[in-house]
Amino acid sequence: MNITEQKISIEKVKQSKINQVDFDNLSFGSVFADHMLVCDYKNGKWEAPKVIPYQPIVLDPSSKIFHYGQSIFEGMKAYKDANNDTWLFRPLENQKRLNVSAKRMAIPEIPEDYFMEGLKTLLKVDEQWIPKNEGSSLYIRPFIFATGQGFHASPANEYKFIISCAPSGAYFSGKVKVLIEEKYSRSANGGVGFAKAGGNYAGQFYPTQLAVAKGYNQVIWTDDNTHEYIEEAGAMNIFIRINDTLITGPTSDRILDGITRKSILEIAKDENIKTEVRKITVAEVIAAAKDGSLKEMFGAGTAAVISPIATFGYRDVDYDLPENEDSMATKLKKRITDIQYNKAEDPFGWRYKV
Ligand code: PLP
Ligand code: COI
């Protein structure tokens with residue numbers, strides 16, 4: 001069945017909560033728009049999606065999400081421009097990646113029209129929730145989880161696909177200080193690191209708590225085998241500038257194929273910035289920090305956009321990154337956000353009007 005916007009039923013809230021929201025002081029992902037899109041998978045197929053008031057979900061205690069963690073998600077944003085038009089950024093990449101995650105976690109894939117028409121319908125209903133303030137946007141969280149019941153350790157036969165939205169400001173406030181992790185791993189070859197599976201993030205919390213207790217904000221993940229290679233920064237891809245070359249690791253079983261990452265690589269080429277996609281060792285970064293050729297490190301992701309790293313710690317030594325007048329992070333962040341907020345030309349065709 002093809003989904004057109006007409007087939008998506010809409011039940012609106014009796015009373016909007018929007019007047020309770022301080023749009024000038026938004027944190028990240030902590031207040032939620034009035035509505036959500038819900039779509040159930042039963043009897044081997046996805047049922048018609050519907051927009052309903054944002055509300056709690058009732059689940060049986062034996063639902064497999066609770067026991068076996070069959071759950072995946074995406075992160076995307078909607079932006080308002082000066083004409084009050086609404087834009088998404090490369091939304092089909094999120095839809096495709098949700099299905100990459102679905103396949104790995106034995107979850108049924110969501111068809112493109114269910115995802116896109118459902119999302120557009122929801123955004124039209126909750127349009128007022130898209131912040132207009134500089135630097136703010138509507139963070140969109142599509143997710144699928146197993147509602148099917150039973151303690152048998154096998155894939156569920158029922159699932160729920162939900163999209164909920166949170167008007168949000170910056171993910172990080174202030175300078176980011178990270179710790180290079182050598183004991184714990186985020187992912188492994190043959191594992192699920194390339195999928196946005198909920199458990200990947202749960203597994204990160206404990207090592208991150210240990211880093212936070214030492215005064216850091218995030219962990220820099222290294223490869224699980226040798227811990228010699230730099231892989232990701234928390235829930236962001238990582239970029240390292242040595243002299244005038246911007247380096248990021250290749251995507252793999254262990255590294256998420258970030259949409260911000262691949263967009264930055266294309267923008268950098270367009271800006272004639274030299275880029276290298278290759279494995280990068282901790283030793284190389286330490287040597288570059290010592291000889292002054294390490295100019296910048298930054299994390300890249302939808303939630304955090306581009307987050308410059310001010311300091312990184314490794315084996316009880318902190319290394320401060322220099323302040324750069326010609327910061328690549330600043331330049332690339334401006335280019336990508338100008339495209340996202342429809343403030344500049346989009347030669348790549350990434351912007352998507354809702
Ligand atoms: N790496 C991880 C582990 C993530 O969770 C995310 C967030 O989505 C990213 C990288 C960045 O990906 P994207 O730019 O598509 O948001
Ligand atoms: C995103 O950047 O959208 C993410 O999904 C990261 C998230 C864990 C906040």
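What you see is a predicted model; the values in this text were computed from it and never measured.

1. Points about the overall build of the protein chain
Logical step 1: Along its length, the protein chain carries seven helices and 19 strands.
Logical step 2: Relative to the globule expectation of 20 Å for 354 residues, the C-alpha radius of gyration of the protein chain, 21 Å, shows essentially globular dimensions.
Logical step 3: A principal-axis box enclosing the C-alpha atoms of the protein chain has dimensions of 60 × 55 × 35 Å.
Logical step 4: For the protein chain, buried positions account for 53% of its 354 residues.

2. Focus: the pairing of strand β2 (residues 35–42)
Logical step 1: Taken across its eight residues, β2 has seven buried, putting it largely inside the fold.
Logical step 2: Judged from the four bridges that link them, β2 and strand β4 (residues 50–53) form a sheet pairing that is antiparallel. Along β4, the bridge assignment pairs H35 with P53.
Logical step 3: Bridge analysis of β2 against strand β9 (residues 159–168) gives five bridges, and the strand direction is antiparallel. In the sheet register, C39 faces β9, and the bridge partner there is F161.

3. Focus on the site of ligand 1
Logical step 1: Close to ligand 1 lie 15 residues; K196, Y201, E232, T260 and T302 are nearest.
Logical step 2: Within the side chain of R97, a nitrogen or oxygen atom sits 2.7 Å from an oxygen atom of ligand 1.
Logical step 3: In the model, an oxygen atom of ligand 1 is placed 2.4 Å from a nitrogen or oxygen of the Y201 side chain.
Logical step 4: Across the complex, the protein chains shield 96% of the 380 Å² of accessible surface that ligand 1 would expose by itself.
Logical step 5: By residue class, the composition of the shell around ligand 1 is six nonpolar, five polar and four charged.

4. Some thoughts on the nonpolar core
Logical step 1: Residues W46, I140, I144 and F161 are the most contacted members of the largest nonpolar core, which totals 41 residues.
Logical step 2: Secondary-structure elements contributing two or more residues to this core are β2, β6 (76–80), α2 (91–104), α3 (112–125), β8 (137–146) and β9.
Logical step 3: Within the second largest apolar cluster, 25 residues are counted, among which are V176, A304, F312 and Y319.

5. Focus: the packing of helix α5 (residues 259–270) against helix α7 (residues 328–340)
Logical step 1: Running from N to C, α5 and α7 cross one another at 110°; their axes reach a closest spacing of 10 Å. By the angle class used here, α5 and α7 are roughly perpendicular. In this structure, α5 contributes T260, S263, I264, I267, A268 and D270 to the contact, and α7 contributes L332, R335, I336 and I339.
Logical step 2: Residues belonging to the contact of α5 with α7 are distributed by class as follows: six nonpolar, two polar and two charged.

6. Comments concerning the side chain of T260
Logical step 1: Topologically, T260 is positioned in helix α5.
Logical step 2: Discounting residues that sit within four places of it in the chain, T260 has contacts with A300, G301, T302, V305 and I336.

7. Observations concerning the domain arrangement of the protein chain
Logical step 1: Assigned domains of the protein chain: these are domain 1 (3–168) and domain 2 (176–340).
Logical step 2: Taken over C-alpha atoms, the centre of domain 1 sits 28 Å from the centre of domain 2.
Logical step 3: Of the residues lining the interface, 20 residues belong to domain 1; the matching set on domain 2 comes to 22 residues.
Logical step 4: Of the roughly 1,800 Å² buried between domain 1 and domain 2, counting both surfaces, carbon and sulfur atoms make up 62%.
Logical step 5: Our count for the contact surface shared by domain 1 and domain 2 stands at one salt bridge.
Logical step 6: Linking K262 and E93 is a salt bridge whose minimum nitrogen-to-oxygen distance equals 3.0 Å.
Logical step 7: Looking at the side of domain 1 that touches domain 2, the elements that each hand over two or more residues are β5 (71–73), β6, β7 (86–89) and α2.

8. Some words on the packing of α2 against α3
Logical step 1: Interaxial distance between α2 and α3 falls to 10 Å at its minimum, and their mutual angle equals 135°. Taken as axis vectors, α2 and α3 run oblique relative to one another. The interaxial crossing formed by α2 with α3 has right-handed handedness. Residues P91, L92, N94, Q95 and L98 of α2 form the contact with α3, whose participating residues are E112, F115 and M116.
Logical step 2: When its residues are assigned to classes, the contact of α2 with α3 shows five nonpolar, two polar and one charged.

9. Quick notes on α2
Logical step 1: For α2, built from 14 residues, the straight-helix expectation of 20 Å at 1.5 Å per residue is met to within 8% by its first-to-last C-alpha distance of 20 Å.
Logical step 2: Taken together, the buried positions of α2 are P91, N94, Q95, R97, L98, N99, S101 and A102.
Logical step 3: After α2 finishes, the residue A106 shows a positive phi value of roughly 55°.

10. Describing the pattern of salt bridges
Logical step 1: One pass over the structure, following the stated rule, counts 25 salt bridges.
Logical step 2: Salt bridges here are not isolated pairs; linked through shared partners, they connect E93, K96, D257 and K262.

11. Points about the site of ligand 2
Logical step 1: What surrounds ligand 2 is the set F73, G75, Y139, R141, Y171, K196, Y201, A235, T302 and A303.
Logical step 2: In the environment of ligand 2, an oxygen atom lies 2.6 Å from a nitrogen or oxygen atom belonging to the side chain of Y139.
Logical step 3: One nitrogen or oxygen atom from the main chain of A303 is found 2.8 Å from an oxygen atom belonging to ligand 2.
Logical step 4: Coverage of ligand 2 by the protein amounts to 89% of the 280 Å² it exposes when considered alone.
Logical step 5: Within the shell around ligand 2, the residues separate by chemical class into six nonpolar, two polar and two charged.

Thresholds applied
Residues numbered from 1 in each chain as written. Chains lettered and ligands numbered in written order. Predicted model: local features only at pLDDT ≥ 70, side-chain atom pairs only at ≥ 80, totals over all residues. Heavy atoms only, no water. Helix = DSSP H or I, 4+ residues; strand = E, 2+ residues; numbered from the N terminus. Rg over C-alpha atoms; globule rule 2.2 N^0.38 Å. Buried < 20%, exposed > 50% of the residue type's maximum accessible area, 1.4 Å probe, protein only. Pairing = 2+ DSSP bridges. Near = heavy atom within 4 Å. Polar contact = N/O pair within 3.5 Å; in protein donor to acceptor, adjacent residues only side chain to side chain. Areas by Shrake-Rupley, 256 points an atom, 1.4 Å probe, with all protein chains shown as cover. Nonpolar A, V, L, I, M, F, W, Y, C, P; charged D, E, K, R; others polar. Core = buried A, V, L, I, M, F, W, Y, C linked by side-chain atoms within 4.5 Å. Axes fitted to C-alpha atoms, helices over the stretch in contact; angles between N-to-C directions. Parallel < 35°, antiparallel > 145°, perpendicular 65-115°, else oblique. Contact = heavy atoms within 4.5 Å. Domains from an automatic or database assignment. Buried area = accessible area lost by both parts, 1.4 Å probe. Salt bridge = Lys/Arg side-chain N within 4 Å of Asp/Glu carboxyl O. Left-handed = near helix turned anticlockwise from the far one by under 90°. Expected span 1.5 Å × (residues − 1).

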